[in-house]
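# Notes for the structure review
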Amino acid sequence: MDLSPIPDPTFAELIALRPHLSLDALAGLMLDDVPLAAIADALGTPVWVYAAGAMRARYRALAGALKNLARVHYAVKANDHLAVLALFAAEGAGADVVSLGELRRARRAGIDARDVVFSGVGKTPDELRAALAEGVGQINVESAEELEMIAALARAMGKRAPIALRVNPDIDAGTHPKITTGRRENKFGIPAAAIPALYAHASQLAGIATLGLAVHIGSQITSAQPFRAAFAEIAALVGALRGAGQVVRRIDCGGGLGISYRHETALSPEAFAGALRASLGGLDLELIVEPGRWLVGPAGVLLASVVLVKHAAPYPFVVLDAAMNDLLRPALYDAWHGIVPLAAADAARGSAPHAIVGPVCESSDAFATARALPPLAPGARVAILDVGAYGAVMSSTYNARPLAAEVMVADGGFTVIRPRQEIADLWRGETVPEFIANRPACGRAMT
Ligand SMILES: *Cc1c(COP(=O)(O)O)cnc(C)c1O
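Residues numbered from 1 in each chain as written. Predicted model: local features only at pLDDT ≥ 70, side-chain atom pairs only at ≥ 80, totals over all residues. Heavy atoms only, no water.

## Regarding the nonpolar core
- By size, the foremost hydrophobic cluster in this structure holds 132 residues, and its most contacted members are Leu213 and Leu276.
- Of the residues forming this core, the biggest block, nine residues, is contributed by helix 9 (residues 224-243).
- Mapped onto the domain boundaries, this core takes at least three residues apiece from domain 1 (11-50 + 297-427) and domain 2 (120-289).
- Excluding its chain neighbours within four sequence positions, the residues that come into contact with Leu213 are Ala164, Leu165, Val167, Ile195, Tyr199, Ile234, Leu237, Val238, Leu241, Arg250, Ile251 and Asp252. (Core = buried A, V, L, I, M, F, W, Y, C linked by side-chain atoms within 4.5 Å. Buried < 20%, exposed > 50% of the residue type's maximum accessible area, 1.4 Å probe, protein only. Helix = DSSP H or I, 4+ residues; strand = E, 2+ residues; numbered from the N terminus. Domains from an automatic or database assignment. Contact = heavy atoms within 4.5 Å.)

Okay, here's the thing in structure tokens:
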């Protein structure tokens, strides 16, 4: 992707398009008026930094555009930190969860169980029982097989599970193949043609209360067109179901709103609301949406330090102390993230292409292959932009690298919301069994 003929945006362009970022001649790059260098000085790198104000502003912009039209359920998987969840809970958001762990996180952050939607293709019986016991507001059903499983579990508990059938509309969202979910060949949802019969069957099942339908066609969608097509298909299904005498109260319209990482035009809340209103407004439906990336993606940066610059052809390697175990998106999806020096003096110097990599022992541990950067000395620091979504949540400790610290900035200051993991935490819970520990050679070596 780095080799695209369209030139990359400059540092100034990246900063200008992100209202929470600014470059101060003395303090360098700032996030909501907090100098990022001060955070790196205090905590070391790599470190994730989130702007509470940007998250709140984005929530309010979206919820405002959807006022009287749809409720926002934050998709927890994008960034499941309790502070992020509590921030959205305080704004009145519900949650979309895909595991029992996410359900527990949402509840712990103060989100009412009735405001939780449980999605996912492989919800286990234990997870479903726990969700029913908690009283989650909606369970999205991904297959006829899952419907039977949920009905049996609910009946055994003397409950009725509130469900929506997830429709697979077979629509190409025009996004990266690894993040599309609404094509026939994807594992998600039920083909539209099978919905009427299954809905009628569901409404007869003792353990089931049918609420309506759900749809989610993919992620990082930057045009309203695929949404319009999906919502039109849902509206037609609602008409068919109601025509057959079924009650349809609620439509879960999914998430997937895209943001601008590089040159993409982010989907505006108004354009999304327009797509929703055009097909599903005025049908006397309760609408909910489940955005993740759009709410939190632009509000986070990952700070990293230059370990060294290794001279090589065609481009020198800038080796950072952050790696694919911290931010997986470039390795997983070829994702492009802006990379901006923290020091104003660095940002102002002339740039040349560099390969920007991490220290992990994988060739895919690269953040960029030909990225314009000024010459950076060891210890110089950079911010990797737009990592608030699908960033820290995808981190691992591969190569025995502790999880990076997380920080939230607000009101001109910053708070550590998760300290850097200690190295000794890496083997917490691991044991060496007797049959290894007591072998003579090893035993001697260990005394
Ligand atoms: C991932 C997911 C979302 C959120 O997707 P974004 O692209 O982050 O908005 C919403 N709903 C479901 C069912 C999902 O799987």
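Text resumes after the structure shown.
## Focus on the domain arrangement of the protein chain
- The domains assigned to the protein chain are domain 1 (11-50 + 297-427) and domain 2 (120-289).
- Each of domain 1 and domain 2 was reduced to a C-alpha centroid, and the two centroids are 36 Å apart.
- Here domain 1 and domain 2 share an interface that buries about 860 Å² over both sides, 57% of which is from carbon and sulfur atoms.
- Across the contact surface, domain 1 and domain 2 share zero salt bridges.
- Linking domain 1 with domain 2 are two residue pairs in polar contact (both at pLDDT 80 or more), by the criterion used here.
- At three residues, the largest contribution of residues to the side of domain 1 that touches domain 2 is made by helix 12 (residues 329-333).
- Across the side of domain 1 that touches domain 2, the residue classes tally to five nonpolar, three polar and four charged. (Buried area = accessible area lost by both parts, 1.4 Å probe. Salt bridge = Lys/Arg side-chain N within 4 Å of Asp/Glu carboxyl O. Polar contact = N/O pair within 3.5 Å; in protein donor to acceptor, adjacent residues only side chain to side chain. Nonpolar A, V, L, I, M, F, W, Y, C, P; charged D, E, K, R; others polar.)

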